[in-house]
Amino acid sequence: MQYALTVRTAMELEVVDEQEQSRLSEVNSMQVSFMQMVDKLREYHSYMPQGCLVMEEEDEAAAGNQAPQGDVALVFTDIEGSTALWESCGAAMGRALKVHNEVMRKNITAANGYEVKTIGDAFMAAFNTCEQAISFC
């Protein structure tokens, strides 16, 4: 599976100052954490109730906007307490997740963002500027 966004490591870039290196290391760490989460979700997918984890392939036409290039602002989202919600009201949560995903996609597109990946209720979105990312949030 390919991802639409490639984040280069700090070692691959010429770093001018320590603050920039620190920010790049933080982005690299977030990317690694996100990828670990994705791998764990895939690993446990077969043990979860049907409909609990919606695995979607990337569809650039559905994303609305083009993937940003160069320096980007990343936003990661997650529904707090979703595991408990799935356990207590799975069928309703499945319907709610569908609405949630529609609203998220509409708002990402409205803020000129690009949906990089969606796993379950977690979204990874990229924006050309921090201002666009903040307007989405």
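A brief look at the structure comes next. (Residues numbered from 1 in each chain as written. Predicted model: local features only at pLDDT ≥ 70, side-chain atom pairs only at ≥ 80, totals over all residues. Heavy atoms only, no water.)

Description of the overall build of the chain
Quick note on the threshold: Here a strand is any run of E in DSSP of at least two residues, a helix any run of H or I of at least four, and the numbering for each starts at the N terminus. In this scheme, a residue with accessible area under 20% of its type's maximum is buried, one over 50% is exposed, and one in between is partly exposed, where area comes from a 1.4 Å probe on protein chains only. Note on contacts: a residue pair is in contact if any heavy atoms of the two residues lie within 4.5 Å.
The number of helices and strands found in the chain is five helices and three strands. Tracing the chain from N to C terminus, the helices and strands come up as α-α-β-α-α-β-β-α. Relative to its full complement of 137 residues, the chain shows a buried share of 31%. Put simply, of all contacts in the chain between residues at least 6 apart along the chain, 64% involve residues at least 24 apart.

A short note on the nonpolar core
Nonpolar side chains tend toward joint burial in soluble globular proteins. The line we're drawing: Take the buried Ala, Val, Leu, Ile, Met, Phe, Trp, Tyr and Cys residues and link them wherever side-chain atoms come within 4.5 Å; each set so joined is a nonpolar core.
Counting residues in each nonpolar core, the largest one holds ten residues, listed as Ala-73, Val-75, Met-104, Ile-108, Ala-111, Phe-123, Ala-125, Phe-127, Ala-133 and Phe-136. In terms of residues, this core owes the most to one element, strand 3 (residues 122-127), which gives three residues. Residues in contact with Ala-133, not counting those within four places in the same chain, are Ala-73, Val-75 and Phe-127. Grouped together as the second largest cluster of nonpolar side chains are five residues, Leu-74, Tyr-114, Val-116 and Met-124 included.

Let's talk about the environment of Asn-107
Within the secondary structure layout, Asn-107 lies in helix 4 (residues 90-110). Along the primary structure Asn-107 and Ser-135 are separated by 28 residues, whereas in three dimensions their C-alpha atoms are 9.3 Å apart.

Let's talk about the side chain of Glu-115
We apply this condition: Any pair of N or O atoms that falls within 3.5 Å is considered a polar contact. Within protein, one atom must be able to donate a hydrogen and the other to accept it, and sequence-neighbouring residues count only if both atoms are side-chain atoms.
With respect to the helices and strands, the residue Glu-115 is situated in strand 2 (residues 114-119). A distance of 2.7 Å separates polar atoms of two side chains, one belonging to Glu-115 and the other to Arg-105. For Glu-115, the side chain forms a polar contact with the side chain of Thr-118, separated by 2.5 Å.

Some words on the sheet that holds strand 3
Convention followed: A strand pair is defined by DSSP finding two or more bridges across the two strands. Between N-to-C directions, angles span 0 to 180 degrees; the directions come from axes that are lines fitted to C-alpha atoms, helices contributing only their stretch in contact.
Read from one edge to the other, the open sheet built from three strands follows the order 1-3-2, with strand pairing classed as antiparallel. Edge positions in the sheet fall to strand 1 (73-77) and strand 2, since each of these pairs with one other strand and no more. Within this sheet the neighbouring strands show an average axis-to-axis angle of 15 degrees, counted without direction. Two strands pair when backbone bridges link them, and strand 2 and strand 3 are joined in this way by five bridges, in the antiparallel orientation.

Examining the pattern of salt bridges
Applicable threshold: We count a salt bridge whenever a side-chain nitrogen from Lys or Arg sits within 4 Å of a carboxyl oxygen from Asp or Glu.
Per the counting criterion, the structure on display carries one salt bridge. Between Arg-105 and Glu-115 there is a salt bridge; the shortest N-O distance is 2.7 Å. Pair noted here: Arg-105 is in helix 4 and Glu-115 is in strand 2, with a separation of ten residues, a long-range link. A residue is classified by how much of its surface remains accessible, and Glu-115, at 13% relative accessible area, is buried.

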